Amino acid sequence: MSSNKRQIEIKKSADKAHQTIMGQNIDNENLATYFKSVGLAVVNADLSDLAATAYTLYNMEKDQPQIIVENTLNHRDWIYMLAKELGQLILGWDYQVNQDNPQVVERLRQEANQIDGIAILDYPFSDGSGQCPTNNPTEAEANLFAEQFLVPSATARPILQDLDWQTLSTAQLIQKFSLIYFINDQIARNRLTTLIQEVSQSK
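Nothing here was measured: the structure is a model prediction, and the numbers come from that model. (Residues numbered from 1 in each chain as written. Predicted model: local features only at pLDDT ≥ 70, side-chain atom pairs only at ≥ 80, totals over all residues. Heavy atoms only, no water.)

Here we come to the pattern of salt bridges. Tallied over the entire structure, the rule returns 3 salt bridges. For arginine 6, the salt bridge is made with glutamate 141, and the minimal N-O distance between the two is 3.1 Å. Here the residue arginine 6 occupies a position in helix H1 (residues 4-22), and glutamate 141 occupies one in helix H5 (residues 139-150), the gap between them amounting to 135 residues. Since its relative accessible area comes to 21%, arginine 6 is described here as partly exposed. Note that glutamate 139 is salt-bridged to lysine 84, the shortest N-O span being 2.8 Å. Separated by 55 residues along the polypeptide, glutamate 139 in helix H5 and lysine 84 in helix H3 (residues 75-93) bring together distant segments of the chain. (Salt bridge = Lys/Arg side-chain N within 4 Å of Asp/Glu carboxyl O. Helix = DSSP H or I, 4+ residues; strand = E, 2+ residues; numbered from the N terminus. Buried < 20%, exposed > 50% of the residue type's maximum accessible area, 1.4 Å probe, protein only.)

Dropping the structure here:
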């Protein structure tokens, strides 16, 4: 588990990315459209013969990252994988969401693994051995980023308060957040646990 300081940094990165890509919008169902508006191409593909259900490439000809996601995933899981790949991209490369980032371009020039104008952009997740490169995000960190990105506190806390959450059961809250943010129940549960603590402490 990441340190508390690292978790705060990840949440701030996720909030910043959400503000840059989506502003105050919460319609995650259309996340691919928002990604494309800031130069992040999204591609559906059959990845059934690979170990991963999503990964990120860099298209040298178009000068933009391409997030490739398994096309057989249900739409909520597909959205989650988009957010998770974005997290891996940002946390691993300090990538600011735009099409003109000298950090990324310089790194790609050093990248030996380029085929037909495409470079693999992201690091693999840590295998748990602890022998991962500096700044390589772990899977848990990418998960945390994705959950915070999809349900940012800035929009979620007011929604929670408007729902009069103390009169609702956990199951009812999970159902409402799943529908509002177009996320699966586990993400809704995780975020609600944190949000309820935040709202309670602010009183």
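Don't stop here, the text continues.
Look at helix H6 (residues 153-162) against helix H7 (residues 170-181): their axes get within 12 Å of each other, and the N-to-C directions meet at 135°. With respect to their mutual orientation, H6 and H7 come out oblique. Considering how the two elements wind past one another, H6 and H7 form a crossing that is right-handed. From H6, Thr155, Ala156, Ile159 and Leu160 reach across to H7, where they touch Leu173, Phe177, Ile180 and Tyr181. (Axes fitted to C-alpha atoms, helices over the stretch in contact; angles between N-to-C directions. Parallel < 35°, antiparallel > 145°, perpendicular 65-115°, else oblique. Left-handed = near helix turned anticlockwise from the far one by under 90°. Contact = heavy atoms within 4.5 Å.)

Residues spaced three or four apart along an α-helix point in a common direction, a consequence of the helix completing one turn every 3.6 residues. Along H6, the positions that sit buried rather than exposed are Ser153, Thr155, Ala156, Ile159 and Leu160. The arc that holds the buried residues of H6, viewed along the axis, is 160°, so those residues lie on one side. Across H6 from its buried face, at more than 90 degrees, point the exposed residues Ala154 and Asp162. Those residues of H6 that are buried lie in contact with H1, H5, H7 and helix H8 (185-201). Positive phi appears at aspartate 164, one or two residues downstream of H6, with a value of about 55°. (Arc of directions from axis to C-beta.)

Another aspect to go through is unusual backbone geometry. In this structure, aspartate 164 takes a positive phi of about 55° despite not being glycine. Relative to the helices and strands, aspartate 164 is located in the loop between H6 and H7. The exposure class assigned to aspartate 164 is partly exposed, which follows from its relative accessible area of 42%. Backbone geometry places phenylalanine 182, a non-glycine residue, at a positive phi of 55°. Relative to the assigned elements, phenylalanine 182 resides in the loop between H7 and H8.

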